[in-house]
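# Chain and residue survey
Letter by letter, the chains look like this.
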Amino acid sequence: MFVYAVDRAAAGQLTVGGVVLVIAALAQMRDSLTASSEYVGLLAEHLLWFRKYHEFLDAEPRVSSPGEPKGLPRRLDIRLDNVTFAYGDGQPVLRNVSLTVPQGQTVAIVGENGAGKSTLVKLLLRFYDPTSGAVEVGGPSERVDLRDLDVTAWRGQVAAVFQDFAKFEWTLRENIVLGGEVEEARLAEAVRHSGLSGLLAQVSDGLETRVGQSFGGIDLSGGQWQKVAVARALYRDARILVLDEPTAALDPRSEAELFRAFAAASAGRTTFLITHRLGSVLMADRILVLKDGRILEDGTHEE
């Protein structure tokens, strides 16, 4: 088009102004085509992401509830019957583990990194099913395999604090209650036993203090966030409590104090304390020592 315009101008059929107008129009068209190609590229990229998003929504869970789930037993004794588990086609992380934990007992699970401590908890929460063996709950006369229970109903009986936990930039109260019904007495107990009282004494708005800097709230340290997560677990009306290695954000003394408070607050509920420090779990009714996916020792701290 540009060559044609120059040729017409040379033949006296188009003025210089006409040539300039053609050049300007061509530049605008080039910019529009460039923008269009960029939008087409972004559209293609977003369509790929949406495809992954829908694949995620349509993915079948690793575990699911049976067609006709059994009801929860009245008593929640926990029994592992010769449980072996491996992630995918890898080597077994747990090997032939058999264990019975009566309801209301405080059990510490101790071992080096990779011993299988967190995997054992994930099987209890039914994030995975055993490769072989069974995880059962209930008293001797009403024992039920976890695979026969409704997944949501079972997980509703458990409150767990993992090394990685959600941090919501809400108020402290909202972080603990998580949209549930507010019971002030239970909330005060959860705050006291989690060790959050010291933080509340330092802020003017108490539990209404907003956390996170995105919306003008205060910034919390890793240890303080850990205590918020513990208060969240203690507030839940759960019959089984799990505290899984809070060592990432706490020093040994703070960890021992947290375990003591957690065990005291969970009186009457089955409690699992996961750590690799034997000295942090003096208060446990029972200590299991794991190594290479097997239980090597089982007894009190003195034993």
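Residues numbered from 1 in each chain as written. Predicted model: local features only at pLDDT ≥ 70, side-chain atom pairs only at ≥ 80, totals over all residues. Heavy atoms only, no water.

### Topic: the overall build of the protein chain
- On a plain count of helices and strands, the protein chain comes out with nine helices and ten strands.
- Against the 2.2 N^0.38 benchmark of 19 Å for 303 residues, the protein chain shows a C-alpha radius of gyration of 30 Å, more extended than a compact globule.
- Projected onto its principal axes, the C-alpha positions of the protein chain cover 105 × 50 × 35 Å.
- Taken across its 303 residues, the protein chain has 39% of its residues classed as buried.
- Pairs at least 24 apart in sequence give 69% of the contacts found in the protein chain among residues at least 6 apart. (Helix = DSSP H or I, 4+ residues; strand = E, 2+ residues; numbered from the N terminus. Rg over C-alpha atoms; globule rule 2.2 N^0.38 Å. Buried < 20%, exposed > 50% of the residue type's maximum accessible area, 1.4 Å probe, protein only. Contact = heavy atoms within 4.5 Å.)

### A closer look at unusual backbone geometry
- One non-glycine residue, asparagine 82, adopts positive backbone phi at about 55°.
- With respect to the helices, strands and loops of the structure, asparagine 82 is situated in strand S1 (residues 78–86).

### Let's talk about a nonpolar patch on the surface
- Taken together, the side chains of Phe2, Val3, Val6 and Ile23 present a nonpolar region at the surface, about 360 Å² in accessible area.
- It is helix H1 (residues 2–10) that provides the largest number of residues to the nonpolar patch, a total of three residues. (Patch = residues over 30% accessible without salt bridge, like charges linked within 9 Å, V, L, I, M, F, W, Y side chains within 5 Å. Areas by Shrake-Rupley, 256 points an atom, 1.4 Å probe, with all protein chains shown as cover. Salt bridge = Lys/Arg side-chain N within 4 Å of Asp/Glu carboxyl O.)

### Some remarks on the packing of helix H8 (residues 222–235) against helix H9 (residues 252–265)
- With their axes 11 Å apart at the nearest point, H8 and H9 run at an angle of 10° to one another. Here H8 lies roughly parallel to H9, going by the angle between them. The crossing of H8 and H9 is right-handed. For the pair H8 and H9, contact is made by Gln226, Val230 and Leu234 and by Leu258, Phe262 and Ala265, respectively.
- Residue composition of the contact of H8 with H9, grouped by class: five nonpolar, one polar and no charged. (Axes fitted to C-alpha atoms, helices over the stretch in contact; angles between N-to-C directions. Parallel < 35°, antiparallel > 145°, perpendicular 65-115°, else oblique. Left-handed = near helix turned anticlockwise from the far one by under 90°. Nonpolar A, V, L, I, M, F, W, Y, C, P; charged D, E, K, R; others polar.)

### Re the sheet that holds strand S9 (residues 286–291)
- The six strands lie next to each other as S6-S7-S8-S3-S9-S10, forming an open sheet whose pairing is mixed. Each of the sheet's edge strands pairs with one partner strand only, and the pair in question is strand S6 (158–161) and strand S10 (294–299). Pairs of neighbouring strands in the sheet enclose a mean axial angle of 15°, with direction left out of account.
- Bridge analysis of strand S3 (residues 106–111) against S9 gives five bridges, and the strand direction is parallel. Each residue of the ladder has a partner; that of valine 107, found in S9, is arginine 286.
- Packing of H8 onto the sheet brings it into contact with S6 and strand S7 (240–244), and relative to S6 it is tilted by some 175°.
- Sheet strands in contact with H9 are S3, S7 and strand S8 (270–275), and its direction is about 170° off that of S8. (Pairing = 2+ DSSP bridges.)

### A look at the packing of aromatic side chains
- Throughout the structure, instances matching the rule amount to five aromatic pairs.
- Seen from their ring centres, phenylalanine 168 and tryptophan 170 are 4.5 Å apart, and the 10° between their planes marks the pair as stacked.
- Counting every residue linked through ring pairs, the aromatic cluster contains Phe85, Tyr87 and Tyr128. (Phe/Tyr/Trp six-rings, centres within 6.5 Å; stacked < 30°, edge-to-face > 60°.)

### Observations concerning the sheet that holds strand S5 (residues 144–145)
- Sheet architecture is open: four strands sit in the order S2-S1-S4-S5, paired in antiparallel fashion. A single partner strand is all that each edge strand has here, and the edge strands are strand S2 (92–101) and S5.
- Here S1 runs beside S2; their pairing, made up of six bridges, is antiparallel. Residue pairing across strands places arginine 79 opposite threonine 100, the latter belonging to S2.
- Of the strands in this sheet, S1, S2 and strand S4 (132–137) are in contact with helix H3 (residues 117–124), which crosses S1 at around 120°.

### Details of the pattern of salt bridges
- Per the counting criterion, the structure on display carries 14 salt bridges.
- We note a salt bridge from arginine 79 to glutamate 136, for which the minimum N-O separation is 2.7 Å. One end of the pair, arginine 79, is in strand S1; the other, glutamate 136, is in strand S4, and 57 residues separate them in sequence.
- Since its relative accessible area comes to 16%, glutamate 136 is described here as buried.

### Some remarks on the environment of valine 101
- Assignment of secondary structure puts valine 101 in strand S2.
- A relative accessible area of 1% means that valine 101 is categorised as buried.
- Sequence spacing of valine 101 and isoleucine 78 is 23 residues, and the spatial spacing of their C-alpha atoms is 5.1 Å.
- With sequence-adjacent residues up to four places away left out, valine 101 is seen in contact with Asp77, Ile78, Val107, Thr270, Phe272 and Arg286.

### Brief notes about H9
- Taking 1.5 Å per residue as the helical rise, H9 with its 14 residues ought to reach 20 Å, and the 20 Å between its terminal C-alpha atoms agrees with that figure.
- For H9, every residue scored as buried is listed here: Glu255, Ala256, Leu258, Phe259, Phe262 and Ala263. Down the axis, H9 shows its buried residues gathered within 160° of arc, on one side only. (Expected span 1.5 Å × (residues − 1). Arc of directions from axis to C-beta.)

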